Amino acid sequence: QVQLVESGGGLVQAGGSLRLSCAASGRTFSNLVMGWFRRALEKEREFVAAISWSGGNTYYADSVKGRFTISRDNAKNTVYLQMNSLKPEDTAVYYCAAEGGYWYRQHIPSQYNYWGQGTQVTVSS
């Protein structure tokens, strides 16, 4: 089992930045592919970004490419999502996810086994 706890959400003005963190426990973190997803009100959960075990490979949704950066610190069992140039359409609950397989650009919710509870990000215009 893997436990995931997100933090760092909040209210920010358009154009601002936030950094989300996701702390993992319960399994060797460096063996986990990590991802971020989000769900806006009345919308489906959508992929945001993913990162491989070592951090050497990343994959982003087109909607966040160039604005968001996913990274990880295996010594701290934590994955991060740096969000810059935020837009009102980035408003959503952001979820951290983990999967114990090989890297293949996991970007669909069913490809992940473990999920956090989510953290709210609200971007005001």
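The notes below deal with the structure included here. Values in this document were obtained by computation on a predicted structure and should not be read as measured data.

Parameters at a glance
Residues numbered from 1 in each chain as written. Predicted model: local features only at pLDDT ≥ 70, side-chain atom pairs only at ≥ 80, totals over all residues. Heavy atoms only, no water. Helix = DSSP H or I, 4+ residues; strand = E, 2+ residues; numbered from the N terminus. Rg over C-alpha atoms; globule rule 2.2 N^0.38 Å. Buried < 20%, exposed > 50% of the residue type's maximum accessible area, 1.4 Å probe, protein only. Contact = heavy atoms within 4.5 Å. Areas by Shrake-Rupley, 256 points an atom, 1.4 Å probe, with all protein chains shown as cover. Lys, Arg positive; Asp, Glu negative; His and termini not counted. Charge placed at Lys NZ, Arg CZ, Asp CG, Glu CD. Phe/Tyr/Trp six-rings, centres within 6.5 Å; stacked < 30°, edge-to-face > 60°. Lys NZ or Arg CZ within 6 Å of the ring centre and 35° of its normal. Pairing = 2+ DSSP bridges. Axes fitted to C-alpha atoms, helices over the stretch in contact; angles between N-to-C directions. Salt bridge = Lys/Arg side-chain N within 4 Å of Asp/Glu carboxyl O. Polar contact = N/O pair within 3.5 Å; in protein donor to acceptor, adjacent residues only side chain to side chain. Disulfide = S-S within 2.5 Å.

### Observations regarding the overall build of the chain
For the chain, the helix and strand inventory stands at 0 helices and 11 strands. If you list the helices and strands of the chain from N to C, you get β-β-β-β-β-β-β-β-β-β-β. Here the C-alpha atoms of the chain give a radius of gyration of 13 Å, agreeing with the 14 Å that 2.2 N^0.38 yields for 125 residues. Structurally, the chain occupies a C-alpha span of about 40 × 25 × 25 Å along its principal axes. Taken over 125 residues, the chain has a buried fraction of 43%. The long-range fraction of contacts in the chain, counting pairs at least 24 apart against all pairs at least 6 apart in sequence, stands at 60%. Accessible area of the chain: about 6,400 Å², with a carbon and sulfur share of 46%. A distance of 5 Å separates the average location of the 12 positive side-chain charges in the chain from that of its 9 negative side-chain charges.

### A few points about the packing of aromatic side chains
What the rule picks out here adds up to 6 aromatic pairs. Taking the ring centre of Tyr95 as reference, the NZ or CZ of Arg45 above it sits at 4.1 Å. The positively charged end of Arg72 is found above the aromatic ring belonging to Phe29, 4.4 Å away from the centroid.

### Describing the sheet that holds strand S1 (residues 3–7)
The strand order S1-S3-S8-S7 describes an open sheet built from 4 strands, whose pairing is antiparallel. Edge positions in the sheet fall to S1 and strand S7 (68–73), since each of these pairs with one other strand and no more. The average undirected angle you get between the axes of adjacent strands in this sheet is 15 degrees.

### Quick notes on the pattern of salt bridges
Across all of its chains, the model carries 4 salt bridges by this definition. With a shortest N-O distance of 2.9 Å, Asp90 and Arg38 are connected by a salt bridge. One end of the pair, Asp90, is in the loop between strand S8 (78–83) and strand S9 (92–99); the other, Arg38, is in strand S4 (residues 33–39), and 52 residues separate them in sequence. Assessed through its relative accessible area of 1%, Asp90 is described here as buried. A salt bridge links Asp90 to Arg67, with the nearest nitrogen and oxygen atoms 2.7 Å apart. Of this pair, Asp90 sits in the loop between S8 and S9 while Arg67 sits in the loop between strand S6 (58–60) and S7; the two residues are 23 residues apart in sequence, bridging distant segments of the chain.

### Observations regarding the side chain of Glu6
Mapped onto the fold, Glu6 is located in strand S1. One buried charged residue, Glu6, remains without a salt bridge, the closest side chain of opposite sign being Arg45 at 7.8 Å. At a separation of 2.8 Å, a polar atom in the side chain of Glu6 contacts the main-chain amide nitrogen of Cys96. Only 3.1 Å separates the side chain of Glu6 from the backbone nitrogen of Gln117, close enough to count as a polar contact. Among residues more than four places away in sequence, those in contact with Glu6 are Ser21, Cys22, Trp36, Tyr94, Tyr95, Cys96, Gly116, Gln117, Gly118 and Thr119.

### What to know about the state of the cysteines
One pass over the structure, following the stated rule, counts 1 disulfide. Across a sulfur-sulfur distance of 2.1 Å, Cys22 and Cys96 are joined as a disulfide pair. Handedness here is read from the sign of the S-S torsion; for Cys22 and Cys96, about -80 degrees, the answer is left-handed. Placement of the pair is Cys22 in strand S3 (residues 18–25) and Cys96 in strand S9, with a sequence separation of 74 residues. Per residue, the accessibility class of Cys22 equals that of Cys96, and both read buried.

Remember, this is a structural readout, not a statement about activity or role.
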